[in-house]
Amino acid sequence: MTWVGTLDGPMAVLDATPRAAPGRAHRTPWGEWLTGYAFVLPATLVIGVFGLFPIVYALYMSVHRWRIRKGAFLGLEQYERVVGDLGAFGVFLGGIALIGVAHWLWTDAFRGRPSGPMLARASGALVLLFAGIAFALGWQAMRETGDARFLLGLTRTFYYGFLSVPVQITLALVIASLLFQRLPGQQFYRMLFFLPYVTPTVAGAAVFRAMFSPREERLANTVLGWLGIDPQRWLFESRPVGQLLFGDLFARFGVELTGFWAGPSLALLTIILFGIWTYTGYNAVIFLAGLGNIPSDLYEAAEIDGANGVQRFSQITVPLLAPVTFYLTVLGFIGTFQAFTHLYVMREAGARGAADTASLVIFDTFYLRSEFGVAAAQSVVLFLIILAMTLLQSRLFGRRALRA
Amino acid sequence: MPELRSRRGAPRRGRVPVPGLPGVKAGHLLVYLALTFGALVSMTPFLVMISQSLMTLGETLTRAPWPASPQWGNYVEAWTDASFDRYFRNSVIITGTTILGVLITCTLAGYAFARIRFPGRNLLFTVLLATLMIPGTVTFIPGFLLVRGDIIPWGSWLNTLPALTVPFISTAFIIFLFRQFFAQIPEELWDAARIDGAGHLRFLTTVVLPMSRPVLTTATLLTFVHAWNEFLWPLLVTTNPTWRPLAVGLANFIDEAGARTHLLMAGSVITIVPVLVLYFFTQRQFTEGIATSGLKG
């Protein structure tokens with residue numbers, strides 16, 4: 001790969017062409033250009049029509065009344081129907097952005113000044129407080145005025161992402177570290193752990209439906225029986241996990257556990273388990289590749305310096321794997337925020353929509369209600385939130401990842 | 001673990017099991033125990049699927065972990081009575097066509113982005129890569145109107161093979177893979193080919209592609225798995241069984257089968273087997289392809 005002088009930084013990677021030999025580039029190479037355009041034409045056409053054009057068209061649809069056929073221009077009316085007050089939605093997204101600002105103040109803004117650390121922490125904490133307030137207030141106002149179905153779906157999407165991605169990544173790191181011991185049979189174990197990832201999702205979800213059936217004889221309830229716990233309704237259960245676990249305890253104090261802090265429904269939790277089952281092995285394989293890239297000299301040097309296992313793990317392995325962790329976190333959140341197939345297959349009418357995340361609500365708006373315009377507006381909102389989360393994550397982990 | 005080493009000269013690694021969790025050095029037995037437990041949990045759904053697919057309806061309603069005598073007839077019933085034969089054929093044709101399309105369009109584009117200079121090249125490549133950021137939940141609605149002929153008057157493609165394949169025959173990620181690989185091919189080879197009077201297309205087909213087995217395999221495997229597993233899009237564009245693929249057929253069968261779990265599990269096994277067979281035979285390329293491409297993507 002030749003690096004061209006005029007392009008530096010990440011752009012240099014874009015230039016993969018070997019530099020033309022000197023003296024060749026005097027006349028315009030029309031034939032060469034034409035060949036280039038002809039070669040990229042088919043792929044560009046397909047991606048342009050089915051990948052790029054739909055984004056623009058989704059925006060266009062979202063500002064028109066569109067039930068099966070196009071109707072009148074509505075401006076932002078449908079967005080208001082979806083997220084409620086647009087100002088509130090702005091405050092909500094601003095809350096996400098402020099978390100990034102707080103992180104910047106805390107780490108970078110006051111670097112190298114005498115009173116830096118104090119100022120950094122004070123201002124960082126203050127902005128983080130504002131971020132929390134903006135996030136909560138924005139959300140509150142959205143809930144009061146927006147589309148309850150969609151916003152509830154968003155809550156469930158958040159549950160799904162925030163409960164499954166950290167678990168997947170932690171488990172995967174443990175498995176990868178164990179596999180990296182290079183014991184005999186390592187390949188075999190790696191293959192077994194990776195298997196769920198290549199399994200067609202519909203088939204995997206079908207089995208999970210059978211395993212987590214409300215019937216007493218099925219696997220999940222059998223296991224609960226061994227532990228002396230009553231059978232559960234799993235995918236049919238719309239009550240939140242917090243209520244099932246601690247409901248009695250809280251009831252004793254005359255408190256009913258509801259709302260956000262009661263947690264996801266048991267139906268959604270079952271789906272979260274499916275997500276963990278599918279992606280842990282994939283994450284472990286990526287971690288394993290990352291572990292292989294850490295030079296062993298580092299560990300040997302640390303061992304000579306008297307670092308113990310915990311120190312080596314936390315001071316060498318974890319920081320050097322930061323880029324991989326960053327990549328997997330971003331990928332995990334993008335994946336969970338737009339997850340569809342297994343949620344669709346595992347939803348039960350009995351759960352009364354307790355596991356319908358935002359992407360399922362969008363599908364229903366489009367497919368069952370034929371409100372194409374509203375569905376397009378909902379999908380744009382979901383996209384904006386995914387985008388904000390990705391940017392925030394690159395702020396939180398990306399810098400550290402790049403440095404490592 | 002030599003196969004996961006980076007291509008540019010792997011760093012020296014001792015036999016010391018270094019980056020492990022604290023304490024695991026104490027006993028390999030403990031490591032094996034933990035790994036075996038994890039693997040068992042991970043394998044449980046497959047075991048349940050296989051055992052229930054061989055049970056009688058009555059047995060699926062008990063706690064029996066394994067059928068008294070395997071009911072192979074369940075597979076015959078799913079295959080013929082529940083139209084899995086048709087779905088299977090459809091999936092094979094759809095996946096094959098998609099792979100062929102990806103290999104043709106993405107090798108051409110990857111080659112041009114790596115080795116041909118033309119104005120706007122880097123901009124175009126960046127724009128194409130940006131599509132990887134766009135969630136499918138945003139594109140499926142306009143995409144549906146497109147293939148229904150609402151936007152471009154090319155008639156409705158619903159329930160046809162092109163509707164299921166054309167949108168997938170080029171992806172920015174595969175182009176990216178090819179571009180990375182082709183960029184590493186030595187310039188001297190191109191110089192030699194030019195002296196022999198070869199153009200880009202001949203150089204690509206006679207010199208570059210024969211030495212690109214690894215990346216062609218990775219692209220084929222990735223495309224196979226994606227095409228075989230694709231669900232939301234085929235669900236939208238197949239309103240009748242003519243071209244319905246396995247994934248959608250199986251999802252519909254969940255409702256049709258109702259309490260007949262044994263048939264549903266047989267259908268699930270039929271859906272999974274081709275992917276698993278492919279995975280077992282190409283395990284190394286498969287995992288490496290995903291691991292290395294994952295780290296680069």
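Values in this document were obtained by computation on a predicted structure and should not be read as measured data.

Rules of the game
- Residues numbered from 1 in each chain as written.
- Chains lettered and ligands numbered in written order.
- Predicted model: local features only at pLDDT ≥ 70, side-chain atom pairs only at ≥ 80, totals over all residues.
- Helix = DSSP H or I, 4+ residues; strand = E, 2+ residues; numbered from the N terminus.
- Buried ≥ 20, exposed ≤ 12 C-beta atoms within 10 Å, placed from the backbone.
- Contact = placed C-beta atoms within 7 Å.
- Nonpolar A, V, L, I, M, F, W, Y, C, P; charged D, E, K, R; others polar.
- pLDDT = per-residue confidence, 0-100.
- Expected span 1.5 Å × (residues − 1).
- Pairing = 2+ DSSP bridges.
- Arc of directions from axis to C-beta.
- Domains from an automatic or database assignment.
- Core = buried A, V, L, I, M, F, W, Y, C linked by C-beta atoms within 7 Å.
- Axes fitted to C-alpha atoms, helices over the stretch in contact; angles between N-to-C directions.
- Parallel < 35°, antiparallel > 145°, perpendicular 65-115°, else oblique.
- Left-handed = near helix turned anticlockwise from the far one by under 90°.

**Student:** Any details on the overall build of chain A? Residues and values, ideally.
**Tutor:** Helix and strand counts for chain A stand at 17 helices and two strands. A principal-axis box enclosing the C-alpha atoms of chain A has dimensions of 85 × 70 × 55 Å. Counting the 404 residues in chain A, one finds 42% classified as buried.

**Student:** With reference to specific residues and values, describe the overall build of chain B.
**Tutor:** Scanning chain B from N- to C-terminus turns up 15 helices and zero strands. With 297 residues in all, chain B has 42% of them scored as buried. Sequence separation of at least 24 residues holds for 76% of the intrachain contacts in chain B that already meet a minimum separation of 6.

**Student:** I'd like a description of the interface of chain B and chain A, backed by residues and values.
**Tutor:** Each side of the interface is counted separately: chain B has 95 residues, and chain A has 92 residues. Broken down by element, the residue count for the side of chain B that touches chain A peaks at 12 residues, all from helix α1 (residues 28-53) of chain B. Across the side of chain B that touches chain A, the residue classes break down as 60 nonpolar, 26 polar and nine charged.

**Student:** How would you explain the confidence of the model for chain B if you had to name every residue and give the values?
**Tutor:** Residues and elements named next belong to chain B. Considering every residue of chain B, the mean pLDDT works out to 87; 89% of them sit at 70 or more. Taken element by element, chain B is modelled with least confidence in helix α15 (residues 283-296), mean pLDDT 67, and with most confidence in helix α4 (residues 84-115), mean pLDDT 97. The low-confidence segment residues 1-18 (pLDDT under 50) makes 26 contacts with residues lying over four places distant or belonging to another chain. We note a pTM of 0.86 for the whole complex and an ipTM of 0.86 for its interfaces.

**Student:** Describe the environment of A:Ala376, and please don't skip the residues or the numbers.
**Tutor:** When you line up the elements, A:Ala376 lands in helix α17 (residues 372-403). Owing to 27 C-beta atoms within 10 Å, A:Ala376 belongs among the buried residues under this scheme. Sequence-distant contacts of A:Ala376, that is, excluding residues within four places in its chain, are made with A:Ala58, A:Met61, A:Ser62 and B:Ile141.

**Student:** So, helix α8 (residues 172-183) of chain B: which residues are in play, and what are the values?
**Tutor:** All names here are of chain B. For α8, which comprises 12 residues, the first-to-last C-alpha distance of 16 Å matches the rise-based estimate of 16 Å (1.5 Å per residue) to within 8%. Burial analysis of α8 places 10 of its 12 residues in the buried class, which makes it a mostly covered element. Burial in α8 covers these residues: Ala-172, Ile-174, Ile-175, Phe-176, Leu-177, Phe-178, Arg-179, Gln-180, Phe-181 and Phe-182.

**Student:** Just give me the short version of the pairing of strand β1 (residues 64-67) of chain A, but keep the residues and values in it.
**Tutor:** Residue and element names in this part refer to chain A. Summarising the sheet, β1 and strand β2 (residues 69-73) pair through three bridges and their orientation is antiparallel. The residue bridging His-64 from the neighbouring strand is Phe-73, located in β2. Where β1 folds back onto β2 in an antiparallel hairpin, the turn is made up of one residue, including Ile-68, whose phi is positive at roughly 65°.

**Student:** Explain helix α10 (residues 200-208) of chain B to me, and be specific about the residues and the numbers.
**Tutor:** Turning to α10(B), its buried residues are B:His200, B:Phe203, B:Leu204 and B:Val208. Here the buried residues of α10(B) occupy an arc of 100° about the axis, which is enough to place them on one side. On its buried side, α10(B) packs onto α2 (30-62) of chain A together with α4, α8 and α9 (187-195) of chain B.

**Student:** Give me the lowdown on unusual backbone geometry, citing residues and values where you can.
**Tutor:** A positive phi angle is found at A:Ile68, which is not glycine, with a value near 65°. Along the polypeptide, A:Ile68 turns up in the loop between β1 and β2. In the Ramachandran plot, B:Ser83 falls in the positive-phi region, its phi being about 60° despite a non-glycine side chain. Mapping B:Ser83 onto the fold places it in the loop between α3 (73-81) and α4. Judged by C-beta crowding, with 18 C-beta atoms within 10 Å, B:Ser83 ranks as partly exposed.

**Student:** Describe the domain arrangement of chain A, and please don't skip the residues or the numbers.
**Tutor:** Many authors give the size of an interface as the accessible area that is lost as the parts come together. All names here are of chain A. Here chain A is described as being made up of domain 1 (29-54), domain 2 (85-145) and domain 3 (147-403). Computed over C-alpha atoms, the centres of domain 2 and domain 3 are 26 Å apart. Every contact between the two is made by eight residues of domain 2 and, on the other side, seven residues of domain 3. Elements supplying a minimum of two residues to the side of domain 2 that touches domain 3: α4 (86-109) and α5 (116-145). With six residues, the single largest contributor to the side of domain 2 that touches domain 3 is α4.

**Student:** Explain the confidence of the model for chain A to me, using residue names and the numbers behind them.
**Tutor:** When pLDDT is averaged along chain A, the result is 85; 91% of the residues meet or exceed 70. Predicted confidence for residues 1-15 of chain A stays below pLDDT 50, and this span has 15 contacts to residues more than four positions away or in other chains.

**Student:** Outline the nonpolar core, supporting the account with residue identities and numerical values.
**Tutor:** In this structure, A:Ala176, A:Phe287, B:Ile175 and B:Phe178 are the most contacted members of the largest nonpolar core, which totals 182 residues. For this core, the element with the most residues is helix α11 (residues 266-292) of chain A, which contributes 17 residues. In this structure, B:Ile175 is in contact with A:Ala43, B:Cys106, B:Ala109, B:Gly110, B:Phe113 and B:Leu128, ignoring residues within four places of it in sequence.

**Student:** Please give an account of the packing of α11(A) against helix α14 (residues 322-337) of chain A that cites residues and values.
**Tutor:** Residue and element names in this part refer to chain A. Two elements in contact, α11 and α14, have axes separated by 10 Å at closest approach and are oriented at 155°. Classified by the angle their axes make, α11 and α14 are roughly antiparallel. α14 is crossed by α11, and the crossing has right-handed handedness. Within the contact between the two elements, α11 uses Gly-275, Tyr-279, Asn-283, Ile-286, Phe-287 and Gly-290 and α14 uses Val-324, Leu-328, Gly-332 and Thr-336. Of the residues that constitute the contact of α11 with α14, the class distribution is five nonpolar, five polar and no charged.

**Student:** Tell me about the environment of B:Val215, residues and numbers included.
**Tutor:** Residue and element names in this part refer to chain B. By secondary structure assignment, the location of Val-215 is in helix α11 (residues 213-229). By C-beta crowding, Val-215 is classed as buried, having 22 other C-beta atoms within 10 Å. For the pair formed by Val-215 and Thr-80, sequence separation is 135 residues and the distance between their alpha carbons is 38 Å. When near neighbours in sequence (up to four residues on either side) are disregarded, Val-215 contacts Leu-177, Phe-178 and Phe-181.

**Student:** With reference to specific residues and values, describe the packing of helix α6 (residues 148-179) of chain A against α14(A).
**Tutor:** Residues and elements named next belong to chain A. Packing of α6 against α14 leaves a shortest axis separation of 9 Å and a crossing angle of 150°. The element α6 and its partner α14 pack so that their crossing is right-handed. Of α14, the residues touching α6 (which contributes Thr-157, Tyr-160, Gly-161, Ser-164, Val-165, Gln-168 and Ile-169) are Thr-325, Leu-328, Thr-329, Gly-332, Phe-333, Thr-336 and Phe-337.

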